[in-house]
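Overview (structure and organization)
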Amino acid sequence: MDEKRTLLKHFLAALAYRTQKALRDAPPEFANFRAAPQVRTPHELVRHMDSLMGYSRTHFLGGGSYQPPAFTDFSAAIAHFHEILADVAHHIDLGTELHGTTPEIMLQGPFSDAMTHAGQLALLRRLSGSPVPPENFIFADITPENLSPNQPQPRSPDKDWPEKP
């Protein structure tokens, strides 16, 4: 695998880690928390992230569109997002040719868009009254082999958390 594909796969692993960090130990009502009118709920964000990864996958399969399934169960939506994420990584591993785009465009487009939404999930946790504990991500146990919802606990959580609830 070339350096660009290695970096893309690691980025997907970081996306899996940060998504699960934002979702870990969230209260059940968090899935439908709406911070304001016209603001996506966490459930809607995860579906959109699934859509971004599914769209990314179409570039390995020759183009087309992707419509993620609409799950009523939040945990099923999360699991499906991770399945699509893993499938994109699988195409990266296989060296499947990209159609109509480049690794750089994948990074600047759908991959970065999905990472932005992982950050929005963390922000929504704080707004919903259940903030995510901070950590130093430099030391996070992020490995390209683990794109599942079962991400490790933080290795270097911040000891000082002044705004802790």
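These notes cover the structure that comes with them. (Residues numbered from 1 in each chain as written. Predicted model: local features only at pLDDT ≥ 70, side-chain atom pairs only at ≥ 80, totals over all residues. Heavy atoms only, no water.)

**What about the overall build of the chain?**
Of regular secondary structure, the chain possesses 4 helices and 0 strands. Going residue by residue from the N terminus, the α and β elements of the chain occur as α-α-α-α. In terms of overall dimensions, the chain has C-alpha extents of about 50 × 35 × 25 Å along its principal axes. Counting over 165 residues, the chain shows a buried share of 42%. In the chain, the proportion of contacts linking residues at least 24 apart, taken out of those at least 6 apart, comes to 77%. Here the chain displays about 8,800 Å² of accessible surface, and carbon together with sulfur accounts for 54% of that area. (Helix = DSSP H or I, 4+ residues; strand = E, 2+ residues; numbered from the N terminus. Buried < 20%, exposed > 50% of the residue type's maximum accessible area, 1.4 Å probe, protein only. Contact = heavy atoms within 4.5 Å. Areas by Shrake-Rupley, 256 points an atom, 1.4 Å probe, with all protein chains shown as cover.)

**As for helix α3 (residues 74-94)**
Counted at 1.5 Å a residue, the expected span for α3 with its 21 residues is 30 Å, and the 30 Å between its end C-alpha atoms agrees. Among the residues of α3, Phe 74, Ala 77, Ile 78, His 80, Phe 81, His 82, Ile 84, Leu 85, Val 88, Ala 89, His 91 and Ile 92 are the ones counted as buried. Of the surrounding secondary structure, the elements contacted by the buried residues of α3 are α1 (3-23), α2 (42-61) and α4 (103-127). Remark: Gly 95 follows α3 within two positions and exhibits a positive phi of approximately 80 degrees. (Expected span 1.5 Å × (residues − 1).)

**Points about the environment of Glu 145**
Secondary-structure assignment places Glu 145 in the segment after α4. Separated by 34 residues in sequence, Glu 145 and Phe 111 place their C-alpha atoms 17 Å apart.

**Digging into the side chain of Arg 57**
With respect to the helices and strands, Arg 57 occurs in helix α2. The exposure class assigned to Arg 57 is buried, which follows from its relative accessible area of 18%. Non-local contacts of Arg 57, meaning those with residues more than four positions away in its chain, are made with Tyr 66, Ile 84, Asp 87, Val 88 and His 91.

**Some thoughts on the side chain of Thr 101**
Along the chain, Thr 101 falls in the loop between α3 and α4. We classify Thr 101 as buried; its relative accessible area is 18%.

**Some remarks on unusual backbone geometry**
As a rule of thumb, non-glycine residues mostly have phi less than zero, and peptide bonds are mostly trans rather than cis. Here the phi dihedral of Asp 25 falls at roughly 60 degrees; this positive angle occurs in a residue that is not glycine. Topologically, Asp 25 is positioned in the loop between α1 and α2. Unusually for a residue other than glycine, Gln 38 sits at a positive phi of about 70 degrees. Tracing the chain through its elements places Gln 38 in the loop between α1 and α2. For Gln 38, a relative accessible area of 81% corresponds to the exposed category.

**A look at the packing of aromatic side chains**
Overall, the coordinates contain 2 aromatic pairs when judged by the stated rule. Plain terms: the ring middles of Phe 11 and Phe 111 are 6.3 Å apart, the flat faces sit at 15 degrees to each other, and that makes the pair stacked. Taken together, the positions of Phe 11 in helix α1 and Phe 111 in helix α4 put the pair 100 residues apart, joining distant regions of the chain. By the burial criterion, Phe 11 is buried, and Phe 111 matches it. Note on Tyr 17 and Phe 137: the rings are 6.2 Å apart at their centroids and 85 degrees apart in plane angle, and the pair reads as edge-to-face. Of this pair, Tyr 17 sits in helix α1 while Phe 137 sits in the segment after α4, placing them 120 residues apart in sequence. You can call Tyr 17 buried: its relative accessible area is 1%. Residue classification places Phe 137 among the partly exposed residues on the basis of a relative accessible area of 27%. In this structure, Arg 18 is placed above the aromatic ring of Phe 137, and the distance from its NZ or CZ to the ring centre is 3.6 Å. Taking NZ or CZ as reference, Arg 125 lies 5.8 Å from the ring centre of Phe 30, over its face. (Phe/Tyr/Trp six-rings, centres within 6.5 Å; stacked < 30°, edge-to-face > 60°. Lys NZ or Arg CZ within 6 Å of the ring centre and 35° of its normal.)

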